[in-house]
Amino acid sequence: MRWSRAWTVATKDMRETFSTAQLVVPLIIVPLVVVVGYPSLFLLALRLTPGSVEGLQGFLSGFPDSAIPAIPHLTSAGRAAYVAIVYLFAGFFLLVPVMVSTVVAANSFAGEKERRTLEGLLYTPVSDSELVVGKISAAFVPTIVFTWGCFAVYTAIVDLLGIPVVGQLFFPTASWWVLMLLLVPAVSLLVISIVVLISAKARGFQEANAIGGSVILPVIGLVAAQASGLMVLSSGLIAATALLFALVDAALLYLIVRVFKRSRIVSYLP
Amino acid sequence: MSAAVEIRRLTKTYGHKRALDRVDLQVEEGSIFGFLGPNGAGKTTTLRILTGLARPTKGTVRVLGHDVATADNAVRADIGFLPDVPGFYEWMTAEEFLHFAGGLFGIGRKVLDERTGVLLELAGLTGVTTRIGGYSRGMKQRLGVAQALINAPRLLMLDEPTSALDPMGRKEVLDMLQSLRGRTTVFFSTHILADVERICDTVAILDRGRVVVQAPIDELKARYGAEKVVIEVGEGADELAEAIGRMEWATKVERDTNGTISVTVSDAGVASREVPAMVAARKLPLLRMEAGEMGLEEVFVQLVGGGQQ
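Every chain is numbered independently, its residues counted from 1 as its sequence is written. Chain letters start at A and ligand numbers start at 1, both assigned in the order the entries are written. A pLDDT threshold of at least 70 governs which residues receive local features in this predicted model, and a stricter bar of 80 or more applies before side-chain atom pairs are shown or counted, although totals over entire chains, interfaces and linings include all residues. The side-chain values count all of the structure's non-hydrogen atoms but skip hydrogen atoms and water molecules.

**Thoughts on unusual backbone geometry**
Alright, step 1. A cis geometry characterises the amide bond from A:Phe171 onward to A:Pro172, with omega recorded as 5 degrees.
Alright, step 2. By definition, any uninterrupted DSSP run of H or I lasting at least four residues is a helix, any uninterrupted run of E lasting at least two residues is a strand, and each is numbered from the N terminus. Looking at the secondary structure, you find A:Pro172 in the loop between helix H7 (128-166) and helix H8 (174-201).
Alright, step 3. Phi at B:Arg9 takes a positive value of approximately 45 degrees, unusual for a residue other than glycine.
Alright, step 4. If you trace the backbone, B:Arg9 turns up in strand S1 (residues 3-14).
Alright, step 5. Residue class for B:Arg9 comes out partly exposed when judged on its relative accessible area of 49%. Here's how the labels work: a residue is buried when its accessible area is under 20% of the maximum for its type, exposed when over 50%, partly exposed in between, all with a 1.4 Å probe on protein chains only.

**What about the environment of A:Ile220?**
All names here are of chain A.
Alright, step 1. With respect to the secondary-structure elements, Ile-220 resides in helix H10 (residues 216-227).
Alright, step 2. Classification of Ile-220 as partly exposed rests on a relative accessible area of 41%.
Alright, step 3. On a C-alpha basis, the gap between Ile-220 and Trp-148 in space is 20 Å, while along the polypeptide they are 72 residues apart.

**Some remarks on the nonpolar core**
Alright, step 1. Only buried residues count toward a nonpolar core. Its members are Ala, Val, Leu, Ile, Met, Phe, Trp, Tyr and Cys residues joined through side-chain atoms within 4.5 Å. Counting 168 residues, the largest nonpolar core has A:Trp176, A:Leu179, B:Leu177 and B:Phe187 as the members making the most contacts within it.
Alright, step 2. We call two residues in contact when some of their heavy atoms are within 4.5 Å. Residues within four places of B:Phe187 in sequence aside, it is in contact with B:Leu25, B:Val27, B:Phe33, B:Phe35, B:Leu47, B:Leu50, B:Leu155, B:Leu156, B:Met157 and B:Leu158.
Alright, step 3. Counting residues in hydrophobic clusters, the runner-up holds 18 residues, among them B:Val233, B:Leu240, B:Trp249 and B:Met278.

**Quick word on the interface of chain B and chain A**
Many descriptions give the size of an interface as the accessible area lost when the pieces come together.
Alright, step 1. In this complex, chain B contributes 22 residues to the contact, which on the side of chain A involves 26 residues.
Alright, step 2. What counts as buried area is the accessible surface, traced by a 1.4 Å probe, that two parts surrender upon association, with contributions from both included. Both sides together, the interface formed by chain B and chain A hides about 2,300 Å², and carbon and sulfur atoms give 63% of it.
Alright, step 3. It is B:Leu53, B:Trp91 and B:Leu104 in chain B that bury the most area against chain A; as a group they hold 31% of the surface buried on that side.
Alright, step 4. Here, a salt bridge means any side-chain nitrogen of Lys or Arg that lies within 4 Å of a carboxyl oxygen of Asp or Glu. Our enumeration of links across chain B and chain A arrives at 2 salt bridges.
Alright, step 5. Put simply, B:Glu96 and A:Arg15 hold a salt bridge, and the shortest N to O gap is 3.4 Å.
Alright, step 6. Among the elements of the structure, helix H2 (72-78) and helix H3 (94-104) of chain B are those that each provide at least two residues to the side of chain B that touches chain A.
Alright, step 7. Ranked by the residues each element gives to the side of chain B that touches chain A, the list is headed by H3(B), at 4 residues.
Alright, step 8. Basically, the charged four are Asp, Glu, Lys and Arg, the nonpolar ten are Ala, Val, Leu, Ile, Met, Phe, Trp, Tyr, Cys and Pro, and anything else, Gly included, counts as polar. For the side of chain B that touches chain A, a count of residues per class yields 13 nonpolar, 5 polar and 4 charged.

What follows is the structure in structure tokens.
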């Protein structure tokens, strides 16, 4: 396998993705709402109307005391801010990479079929494995860069608006670092691999995106469990989950590289 | 001279449909080879097999000495290909597109820069900085040919390279292919007979999955088209045509409105002796008489059958 060829495919795809408004607009709007909008509004509401925390008691009671570290002089509003920033929004940070990777990966083969550029690519000596690795990289790299960028923005916002409410620097926690550095890449790679395969069989981007979008459902379940306090993930548990995903990723990548055959894609060409 | 393409008893079936049926084909290295056939004859299927994108059901296919069944990536490294409806990344410039294509072949930066310049020149696109999305069809097709040449292929394959072009665009692409003569083997499929006649050395005609004939164009025309006599008289053409039609050596008589009679003959020698005598006996003014030659179109219709084009 020649990485330079795979990287040629990947860089072309990345340039193409970010020059297509149909792909870029949702990639900007949704994270903007989730990463900037929700936490900003939540923290501003707590600062401007501290009484509003009374309405959150039911939500807060779902979280065990052990989930919140001993912070001196922590008010009810501070406790609410901590729980929301550290636990409630954590799930969104799995939704962002899953959403980004689904959109980009759905476009990988299906977009090329729609624009009739895939056939030319298949007639080159780029091997099947170089092609599939290039396509996966083209979705993986921007997904991770974008998610980490969102994480940096989120950190800046919650520290700026959250420290006055909580009373000290509290973010990012250890579990967030594990989430960002291990779980996000592992989950993204899994989603991308599945959606790239779907994209190879789909006839167009919309079809691939619609089918690929269903992989977001298990993540929504995880988000809901985390947000309700049903499942408060510690950094150890997150690391173990990431390891599990990484093993599945390795197995799936091995399988994809072995079973991916361009002659099968050709049969889907017009 | 060695063979760039060698196909032996190639059969390809899709379910119950037989797309190719015991095809034999040989393309000599350095030639410009026309692969002619009506739409649906199996040309694209053959090209897909030659490039390793489809597997033969039966038979052997060797391209530049490689068996495509086992060496598809090695084959693709040595060939250039232009599909029938080539897609372009419309947001790229021609130079970016050629650099991208070269990257897929793993060509080093220095060589790629040099080659890009030469190919842009060949395609008449030097100095064109607009994005491909703004190109005419002819410009795109010329760029497509340039892209297919980026790896300096020993064999250039083109699937219907002129079918979507206007006459000017066709001429430009054909001139470009013509300029490659002697430098690389060109194999192109088409259903446009005039294109084959204009630039090809050898032609194979494919019909319903079978090669009905393969030969150098001159030989083909000589084999199927030499037996023809064209006569032009000032008056009395109808009566003369009727009389000629009764002769044993006349297999087919056609009349033009301007007094020209085209006769397909079984023996050109006898015809060339008897026709002047028939004209003289009727005291008709003979304006022209010549041994005619069937064009490739007539050969094609004769071999494939009318009504398919």
